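Letter by letter, the chains look like this.
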Amino acid sequence: MKKISVVVPCYNEQEALPIFYTETTKELNKIENVTWEFVLVDDGSRDATLEVMQKLAEKDEKVKYISFSRNFGKESAMFAGLENSTGDYVVLMDADMQDPPSLLGRMVHEIETNDYDCVGTRRVTRKGEPPVRSFFARAFYKLMSKISKTEIVDGARDFRMMTRQMVDAVVSMCEYNRFSKGILSWVGFKTLWLEYENIERVAGNTKWNFWGLLLYSIDGIVAFSTAPLVLSSFLGIIICIVAFCMMAYFVIKTLLFGDPVSGFPTLISVILMLGGLQLLCIGILGQYLSKTYLETKNRPIYITRKTNIEK
Ligand code: UDP
Ligand code: MG
């Protein structure tokens, strides 16, 4: 008998969570020879999500919950869920029914019969998403595939089932700046990708806005690529070469033709451009430095306020 842990990060999901619980339990019942547990993580919700979890836990002893002391973000919630899961197979799912539980049976089957360590999902359409967001998302994946050695699969969702061995590997990466799309790929293992159409959430609202996604993508780049640093060094070298040529040109010109005071537009353009580039490069450096700073503080990834898990 294998045990499946269903890890669910929840932030303000009071409407969606009961629906999720019922539907997922229905699907899990269909799978033969498995038991399961739910590890529900309340990421500092401001609505009644915790009460919903506690009610579910009273009714069903398979329901475990962890409630954070504040909102730590989905990455922290997923980490807490993985760390506290005990199953042989662990599946990460959103509470909003965008991850169809009907795929669970197939996932277990693939791991057991075809020797996969991980079955991930990717959506092939971005239906129901603002076009601007889709455009930037695509651009991000393209850029990432060029500048990072870690492969980040386009459209990959966090919805995936992993074996205990892989989960232990993921949990052993205790970095503070977590970018799970990168981490899950970095640990390796044999992964099968299932494709499905985008599904809209059943209740509540998405927690992502454009700005949030942009900052998240910068986190991803900084965490899994050092290309921006290389780029800024290259810019420096190129500008030095250009400056050297210009110096030679102006020295020779002055020697031959004298030095009438002119060329203010050139001068101001060069000063502004160099100033801008310097700020850009310092900014890039600052991004990495700030991440290093946070990492060295060694803060916990999450703080628990309430839970029914006994250690
Ligand atoms: N979530 C979370 N903490 C947050 C934001 C989101 O635990 O700070 C959870 C949320 O409850 C949901 C999942 O992460 O179960 C995905 O969030 P959402 O549906 O808003 O993202 P989208 O599907 O739109 O990418
Ligand atoms: Mg969602």
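How each quantity is defined
Residues numbered from 1 in each chain as written. Chains lettered and ligands numbered in written order. Predicted model: local features only at pLDDT ≥ 70, side-chain atom pairs only at ≥ 80, totals over all residues. Heavy atoms only, no water. Phe/Tyr/Trp six-rings, centres within 6.5 Å; stacked < 30°, edge-to-face > 60°. Buried < 20%, exposed > 50% of the residue type's maximum accessible area, 1.4 Å probe, protein only. Helix = DSSP H or I, 4+ residues; strand = E, 2+ residues; numbered from the N terminus. Pairing = 2+ DSSP bridges. Polar contact = N/O pair within 3.5 Å; in protein donor to acceptor, adjacent residues only side chain to side chain. Contact = heavy atoms within 4.5 Å.

A. Spatial organisation of the packing of aromatic side chains. Following the criterion strictly, the structure yields 13 aromatic pairs and no others. Ring centres 5.4 Å apart and planes at 85 degrees place the aromatic pair phenylalanine 135 and phenylalanine 136 in the edge-to-face group. Three or more aromatic residues link up through ring pairs in this structure, and these residues are Phe140, Tyr141, Phe179, Trp208, Tyr216 and Phe224.

B. Quick peek at the pairing of strand E7 (residues 191-196). Judged by which residues are buried, E7 turns out to be one-sided: Leu192, Leu194 and Tyr196 face inward and are buried, whereas Thr191, Trp193 and Glu195, on the alternate face, are not. Two strands pair when backbone bridges link them, and strand E5 (residues 118-123) and E7 are joined in this way by six bridges, in the parallel orientation. What sits directly across from glycine 120, in E7, is tryptophan 193.

C. Here's a closer look at the side chain of threonine 49. For threonine 49, the location among the structural elements is in helix H2 (residues 49-59). A polar atom in the side chain of threonine 49 sits 2.6 Å from the side chain of aspartate 47. Beyond its immediate stretch of four places on either side in the chain, threonine 49 contacts Cys10, Asn12, Glu13, Gln14, Leu17 and Asp42.

D. Fine view of unusual backbone geometry. Positioned with a positive phi, asparagine 33 is a non-glycine residue whose angle comes to about 60 degrees. The residue asparagine 33 is located in the loop between helix H1 (16-30) and strand E2 (34-42) in this model. The class of asparagine 33 is exposed, set by a relative accessible area of 60%. With a phi close to 55 degrees, asparagine 298 is a non-glycine residue in the positive phi region. Topologically, asparagine 298 is positioned in the loop between helix H10 (264-297) and strand E8 (304-307). Residue asparagine 298 is classed as exposed on the basis of its relative accessible area of 66%.

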